[in-house]
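A structural walkthrough
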Amino acid sequence: MSLKPRKPSQPAMHEQEEDYPVLKIHKRRWRLALTAIYCTRALASVSRKVLQNKASLLRSLSYVAIDVQPPSGNYDKKLSFHNIDQENLSHMVREKNPESLKQFGGVENLALILETDAKSGIEGGDSDITNRKSVFGGNSYPKPAAKGFFSFVFDAFKDTTILILFACAVLSLGFGIKQHGWEDGWFDGGSIIIAIFLLVVVSAVSNFKQSRQFEKLSNKSSDIRVEVVRDGRRHAVSIFDIVVGDVVCLKIGDQIPADGLFLEGHSVKVDESSMTGESDHVEIGSSNPFLLSGTKVTDGFGSMLVTSVGMNTSWGEMMSSISRDLDEETPLQARLNKLTSYIGKVGLLVAALVLSVLMIRYFTGNTTNEKGEREYNGSKTKLDDVMNAVVNIVAAAVTIVVVAIPEGLPLAVTLTLAYSMKRMMKENAMVRKLSACETMGSATIICTDKTGTLTLNEMKVTEFWLGKETMREDSSSEMAPTVLHWLQEAVGLNTSGSVYKPSTVSVPEISGSPTEKAILSWAVFSLGMDIDRVKQQCMTIQVEAFNSEKKRSGVLIRKNGEEATHSHWKGAAEMILAMCSSYYDRDGNIRELDDKERATIEKIIQNMAAKSLRCVAFAHKKLENKEVHKKLEETGLTLLGLVGLKDPCRPGVRAAVDSCTAAGVTIKMITGDNVHTARAIAVECGILNPDGDVDSEAVVEGIEFRNYSPEERSEKVEKIRVMARSSPFDKLLMIQCLKQKGHVVAVTGDGTNDAPALKEADIGLSMGIQGTEVAKESSDIVILDDNFTSVVTVLRWGRCVYNNIQKFIQFQLTVNVAALVVNFVASVSSGKVPLTAVQLLWVNLIMDTLGALALATDQPTNELMEKPPVGRTEPLITKVMWRNIIAHALYQVAVLLVLQFKGRSIFGVTETVKNTIIFNTFVLCQLFNEFNARKLEKKNIFEGLHKNKLFMAIIAITIVLQIVMVEFLKKFANTERLNWGQWGACIGIAALSWPIGWLVKCIPVSMDQVRA
């Protein structure tokens, strides 16, 4: 019978009672006890009076049954949660206050208050979850507001050249209106302002969209999967779905998802440096049960009770005030910024020369208008005319700077990185650091794990050996009961997995790592193990959790009612065998493990490994003395048996390895398996050549590599293809050695101990399924499906990013060189620039923004994987690119200068029509040259064009806008309408870019690695 809680309308309790809700429960119990005592005394007093008066007693019923129905709905439940002070809970864990925990009655009592079962967790129904979230809040935190669109507009407008140009436009607008009135005077200045506005808006829209894309990726990387127990079952849920009262399962490498208290587990240590700044790992247990959100489990395994979530945790408060840096500058962007700065200086120099020449020509009377009259006649010229002319000259010079500075280069990098990140996400690769996209294209070596990356990570026990005899799959009836008993204990007690069976007739649900699941499945279905019964019969004294250095795990237990203790070990077969001095046969006899018997079992292990099986051994030792052993025995054990687990290679792995080899990228496999298993898998995957590499220096063990001298390591590291029985330190050592030799190294990793190697590598690739949160945070890219084929996809996209940037650089520099030379020569010779400020801004818009979008979104091709990697030192602008840039720029300059000086006589047109033809021809030349830029070396520039619909759409949009500029925006763009013949001449001159590009690519370029 439960106590009725206080209704919300009743007055609040005293402050002390409000702070400590457990005291209210105790106070009610005392009140109930006092009432019972009072009633008992009253009954005793009445009975004495009756006895004294010798009165007769009425007979009564011996008992009365009262059926008390439980309250329906969640009303009482909600009120009971409301009695819990969330602030007190949060403060208790945050301050690690054991006194506050005592006030709640300890961890077990707090679990009852939160209506949580320490073993089976919360009920977990929709109403239960919703109720807990409404009372305690959700496990999320408000993020700082993202940068708004107008912030990007403001950033784009802050450019110095844009501001100068805007000032010139305002002055031109003012003088034009004063001179010609509102109707005709606003065109020159107003058109420049409109052009500036378009340029700024297009740039801002592009940057805004990419910012939102990066935000989505950031949110995706924050969505961690957490294993919780609800209604007796283990579930993997999003970290944002954790609620107060949840029982969370923890293992090495996990991030603590919320504040909470340790329930049960073994050897749990936590790295709290992210919260406290202290680098020492903190031991967690009954004496220190406090677990802080955002910290990392570095050792052991166990479970925790969630007490605070979201903004009620220190981690939530901290994360709500910071945001991920989305303005990360990649190495390629840094190089391009230097290139942009250099080109900008050249542009400034040319602009200064143009300004000087135009000023001198104007004030010396060498500039004439369309009628052939001098524009400046000394004192006869009006001040307004002089100021207007000066403003137009300054505007023309500043516009040259705008065109000369290739703002499109950083934009092109941003576009291609954002596009590739989006496409890579669809292909199971989540980019955490932008720089990894481009660096991966330069990778020369990939160091990969075996399990789950090259293989399916779907383990199954296919062989079982008891001593020197192989056993059938259903072999429990063929072995002695004692051996069967020890094996069931060895599997059931020494595991981090679990078996859940709702009823006797249902199929057990087995969870854990792939290895644990395979062994538990074998024990349940082949050995008939009942894991709950095994655990109930024993008490665990000490646990040594599995780690990748020792490659084994152990447990020290005592059976109920016995004084003797038992050690059980499980791990890599040859390492467990080295700890044994005897073995069991199928009849339960213990036989001595002499040298001959040991060699026989070692041969069995080698034969299993040669079949690509992972060999796991079990060993046992009974300790009769009464002393409590705090350390597990590691010698004199008795071998219980060997199991071989088959993990087949992933489909398509061999083709992916062959693709990397063809691309000049070397694959090295680094695994914890023994040398025979590693060799067999490497041959199967194509990493090793079965004819040449198997018996050479291509296969080493971690300890052997570790013991090499630095000189030996440097000499042999490139020959090594497989490193078996390796530790995380060995992996780190190999990466350092390869980087010293000038290689660009990518490495895969999934464990907590892989974090140093992932950080040391040029590109760290963590596994999304089996990878720990520590590994993911240390990596640059997360492979979501743990598949090596996805690693090759990342390599293809990395090369594609680099290739797309090179295409745009070639295209952009051709535009810049042609525009600068034409305007400079024309201004020096005639005192007029053929391309006005508005026209140059239009060229800048379509060349920088639309051109970047068109060329930066090409998808990877097979040709990319047929070229060697670029490495660290190859220049960004290759000899092939310089060849193409110079050829096309020379052609455009020659054509445009001929039109500038002879265009009027050739076409028989006015000055304005001639300038329109020059402008139209220049823009169309860039359109045709965009096709040339698609292929740096290949002559067929149309290959794969149908696959890039965005490219064709941008070309079509540019053509339409150019027609509008020439034919309909005469006053705005300072153009005149062209007839069909003039349009045909412009298109014909521009189209010559294609055959010229084809001829130029016939010119050989020596000693240059090119990309298709």
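Computed from a predicted structure; not experimentally measured. (Residues numbered from 1 in each chain as written. Predicted model: local features only at pLDDT ≥ 70, side-chain atom pairs only at ≥ 80, totals over all residues. Heavy atoms only, no water.)

The helix and strand inventory of the chain stands at 36 helices and 26 strands. Counting the 1012 residues in the chain, one finds 53% classified as buried. (Helix = DSSP H or I, 4+ residues; strand = E, 2+ residues; numbered from the N terminus. Buried < 20%, exposed > 50% of the residue type's maximum accessible area, 1.4 Å probe, protein only.)

Right, let's get into helix H31 (residues 879-907). Note on helix geometry: an α-helix contains 3.6 residues per turn, so any two residues three or four positions apart are oriented the same way. Maximal helix bending in H31 amounts to about 65 degrees, located at Phe-901. At the exit of H31 stands Gly-908, carrying a positive phi of roughly 65 degrees. (Bend = angle between axes of the 7 residues up to and from the residue.)

Taken together, the side chains of Lys-209, Lys-216, Lys-422 and Lys-426 make up a positively charged region of the molecular surface. For the positive patch, the elements supplying multiple residues, two or more each, are helix H10 (187-222) and helix H15 (408-426). Here Lys-209 lies in helix H10. Judged by its relative accessible area of 56%, Lys-209 is exposed. (Patch = residues over 30% accessible without salt bridge, like charges linked within 9 Å, V, L, I, M, F, W, Y side chains within 5 Å. Areas by Shrake-Rupley, 256 points an atom, 1.4 Å probe, with all protein chains shown as cover. Salt bridge = Lys/Arg side-chain N within 4 Å of Asp/Glu carboxyl O. Lys, Arg positive; Asp, Glu negative; His and termini not counted. Charge placed at Lys NZ, Arg CZ, Asp CG, Glu CD.)

Turning to the pattern of salt bridges, a few remarks are in order. Taken as a whole, this structure holds 36 salt bridges when the rule is applied. The salt bridge involving Glu-516 is made with Lys-570; its shortest N-O contact spans 3.0 Å. Taken as a pair, Glu-516 in helix H18 (residues 514-525) and Lys-570 in strand S16 (residues 565-572) lie far apart in primary sequence, 54 residues in all. Taking the shortest distance from any N to any O, the salt bridge between Arg-725 and Glu-574 comes out at 2.4 Å. Residue Arg-725 is found in the loop between strand S23 (722-724) and helix H26 (728-740), and its partner Glu-574 is found in helix H20 (residues 573-578); the two are separated by 151 residues along the sequence. Owing to a relative accessible area of 27%, Glu-574 belongs among the partly exposed residues under this scheme. Here the residues in one salt-bridge network are Lys-450, Arg-614 and Asp-673, joined through shared partners.

Let us look at the nonpolar core. Core analysis: the biggest nonpolar cluster contains 150 residues, and Leu-336, Met-440, Ile-446, Ile-763, Ile-781, Phe-788 and Ile-809 have the highest contact counts within it. Considering every element that reaches this core, the biggest residue donor is helix H29 (residues 788-830), with 19 residues. Not counting residues up to four positions away in its chain, the partners in contact with Ile-781 are Met-424, Ala-429, Met-430, Val-431, Arg-432, Ala-436, Ile-763, Gly-764, Leu-765, Ser-766 and Val-794. (Core = buried A, V, L, I, M, F, W, Y, C linked by side-chain atoms within 4.5 Å. Contact = heavy atoms within 4.5 Å.)

Looking now at the sheet that holds strand S9 (residues 445-448). Taken in spatial order, the 8 strands line up as S8-S26-S25-S24-S9-S21-S23-S22 in an open sheet, and their pairing is mixed. Only two strands of the sheet have a single neighbouring strand rather than two, namely strand S8 (429-431) and strand S22 (699-701). With strand direction ignored, the average angle separating the axes of adjacent strands in the sheet is 20 degrees. (Pairing = 2+ DSSP bridges. Axes fitted to C-alpha atoms, helices over the stretch in contact; angles between N-to-C directions.)

So, about the environment of Val-350. Turning to its location among the elements, Val-350 is positioned in helix H13 (residues 331-363). Along the sequence, Val-350 and Phe-824 sit 474 residues apart, while their C-alpha atoms lie 6.9 Å from each other. For Val-350, the contacting residues outside a window of four places in its chain are Ile-400, Leu-820 and Phe-824.

Right, let's talk about the packing of aromatic side chains for a bit. Two measures describe an aromatic ring pair: the distance that separates the ring centres and the angle between the ring planes. In this structure the tally under the stated criterion is 15 aromatic pairs. Here Phe-157 and Phe-166 contribute two aromatic rings whose centre-to-centre distance is 5.3 Å and whose plane-to-plane angle is 75 degrees, an arrangement assigned as edge-to-face. Their ring planes at 65 degrees and their centres at 4.9 Å tell us that Phe-464 and Trp-522 sit as a pair that is edge-to-face. Of this pair, Phe-464 sits in strand S10 (residues 460-466) while Trp-522 sits in helix H18, and the two are 58 residues apart along the sequence. Take Phe-464 and Trp-522: they sit in the same class, and that class is buried. The ring of Trp-569 carries the charged tip of Arg-552 above its face, separated from the ring centre by 5.0 Å. (Phe/Tyr/Trp six-rings, centres within 6.5 Å; stacked < 30°, edge-to-face > 60°. Lys NZ or Arg CZ within 6 Å of the ring centre and 35° of its normal.)

Our next topic: the confidence of the model for the chain. In this model, the chain carries a mean pLDDT of 81, and residues with pLDDT of at least 70 account for 86%. Confidence drops under pLDDT 50 across residues 1-21; counting only partners more than four residues distant or on other chains, this segment forms 22 contacts. Here residues 70-79 is modelled with pLDDT under 50, and outside its nearest four sequence neighbours on either side it reaches 10 contacts, counting other chains as well. (pLDDT = per-residue confidence, 0-100.)

The residue Glu-427 is located in the loop between H15 and S8 in this model. Overall, Glu-427 belongs to the partly exposed group, its relative accessible area being 31%. It is 6.9 Å that separates the C-alpha atoms of Glu-427 and Ser-790, two residues lying 363 residues apart in sequence. If we ignore the near neighbours within four places in the chain, the residues touching Glu-427 are Ser-790, Thr-793 and Trp-797.

Counting buried positions along strand S19 (residues 613-623) yields 9 of 11 residues, so the element is predominantly enclosed. Of the pairings in the sheet, the one linking S16 to S19 comprises 8 bridges and is antiparallel in character. Directly across from His-568, in S19, lies its bridge partner His-620. Note that S19 and strand S20 (residues 637-646) share 8 bridges and pair antiparallel. Paired with Leu-613 across the bridge in S20 is Lys-646.

Taking 1.5 Å of rise per residue, the 12 residues of H18 would be expected to cover 16 Å, and the 16 Å separating its terminal C-alpha atoms lies within 8% of that figure. Counting buried residues in H18 gives 9 out of 12 residues, a clear majority hidden from the surface. Taken together, the buried positions of H18 are occupied by Pro-514, Thr-515, Glu-516, Ala-518, Ile-519, Leu-520, Trp-522, Ala-523 and Val-524. (Expected span 1.5 Å × (residues − 1).)

Bringing unusual backbone geometry into the picture now. The residue Ser-612 is not glycine, and still its phi comes out positive at about 70 degrees. On the secondary structure map, Ser-612 appears in the loop between helix H21 (595-610) and S19. Owing to a relative accessible area of 7%, Ser-612 belongs among the buried residues under this scheme. At Asp-786, a position not held by glycine, the phi torsion is positive, near 55 degrees. Assignment of secondary structure puts Asp-786 in the loop between strand S26 (781-783) and H29.

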